[in-house]
Every structure is written in structure tokens, then in C-alpha cells.
Amino acid sequence: MYGARPAVQVWVNTDSIENVSKIATSLEAAANAHSAQEMKAFVIWTNVKDAPEKALAAEIDSLAKKLKLSKVALTFLDKDAKGAIDDYMINTSDDVKNTVFVYKSKKVKVKFVNLKADDAGLAALGKAITTVTG
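As the structure is a prediction and not an experimental result, all values here were calculated from the model.

A. Structural view of the packing of helix α1 (residues 17-33) against helix α4 (residues 119-133). With their axes 11 Å apart at the nearest point, α1 and α4 run at an angle of 35° to one another. Viewed along their axes, α1 and α4 form a crossing whose handedness is right-handed. Contact residues: α1 offers Lys22, Ile23, Ser26, Leu27 and Ala30, while α4 offers Leu122, Leu125 and Ile129. A class-by-class count of the residues in the contact of α1 with α4 yields six nonpolar, one polar and one charged.

B. Seen up close, helix α2 (residues 53-67). Counted at 1.5 Å a residue, the expected span for α2 with its 15 residues is 21 Å, and the 21 Å between its end C-alpha atoms agrees. For α2, the complete set of buried residues consists of Leu56, Ile60, Leu63 and Ala64. Seen end-on, α2 carries its buried residues on one side only, within an arc spanning 100°. When the buried face of α2 is taken as reference, the exposed residues oriented beyond 90 degrees from it are Lys54, Lys65 and Lys66. Looking at the buried residues of α2, the elements they touch are α1, β2 (40-45) and β3 (72-76). In the stretch just after α2, Lys68 is the one whose phi turns positive, near 55°.

Rules and cut-offs
Residues numbered from 1 in each chain as written. Predicted model: local features only at pLDDT ≥ 70, side-chain atom pairs only at ≥ 80, totals over all residues. Heavy atoms only, no water. Axes fitted to C-alpha atoms, helices over the stretch in contact; angles between N-to-C directions. Helix = DSSP H or I, 4+ residues; strand = E, 2+ residues; numbered from the N terminus. Left-handed = near helix turned anticlockwise from the far one by under 90°. Contact = heavy atoms within 4.5 Å. Nonpolar A, V, L, I, M, F, W, Y, C, P; charged D, E, K, R; others polar. Expected span 1.5 Å × (residues − 1). Buried < 20%, exposed > 50% of the residue type's maximum accessible area, 1.4 Å probe, protein only. Arc of directions from axis to C-beta.

It is worth stressing that arrangement in space is one thing and function is another; only the former is reported here.
Here is the structure:
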């Protein structure tokens, strides 16, 4: 269990690989910087369009290797895990590219919808992470 550890979940709906890659890279740096607090980070594709799971798994694995991720987990919801979308109240409308939860002790401290991985967006994410790691 992750218990009281600080964590970030990024739920990917219709976001681009470029944006997700920048977010994941930023989370990798944050997880390394906050290793003493055992920060965890996850990127989860909702797969609401039911892409072939084998192809999606290969794409995610390739992305993790390309980005050299070791602290950030990349995964997707398989057809049997779609209930998590309701459990976490993830909006899967086409206009929602991503939903990001920054939390600690199972309490969300900051939530972003459609986080853009530009300088301002990544700075806001970094600031949010300090609210759970500082």
C-alpha cells in the first residue's frame, strides 16, 4: 500500500503523446527529487475507445523506455478495470485530455484538468507537488 505517501496520478483520455511525455518526464524528476518522501507517480490511459490492449501495452512500454522512466509507472485500464473511471470520477469527454490528481494520505490536494505541459503548466504541477512533499 502507498498509505500516506505523496503521489500524483495522471489520467490520460485524449491527450497527445508529446504532452504526456513532458508530464511523465517532469514527474520522473520530481519522484527522484522527493525520493526521501517515497513519492509515487502514475500515468494511466483510460482506453475508453477500447484500443487493442496488446498494441497499447507495446506503445506504453516503448514510451517508458524512450523516456528512461524508472520511478513513474505507465499503465492503462483494461476492459475489466473500467470501473476505476467511475470510482475516481474521471471525465472521459473528448474535450478532457487529462486529469491530474496530486495527493497525500489518500486526500487530493490539487487537481488539474487539461494540464498543458508548457513552462507554466509544469511549474504549477511542481508547486502542487511541493504541497504534498514539503
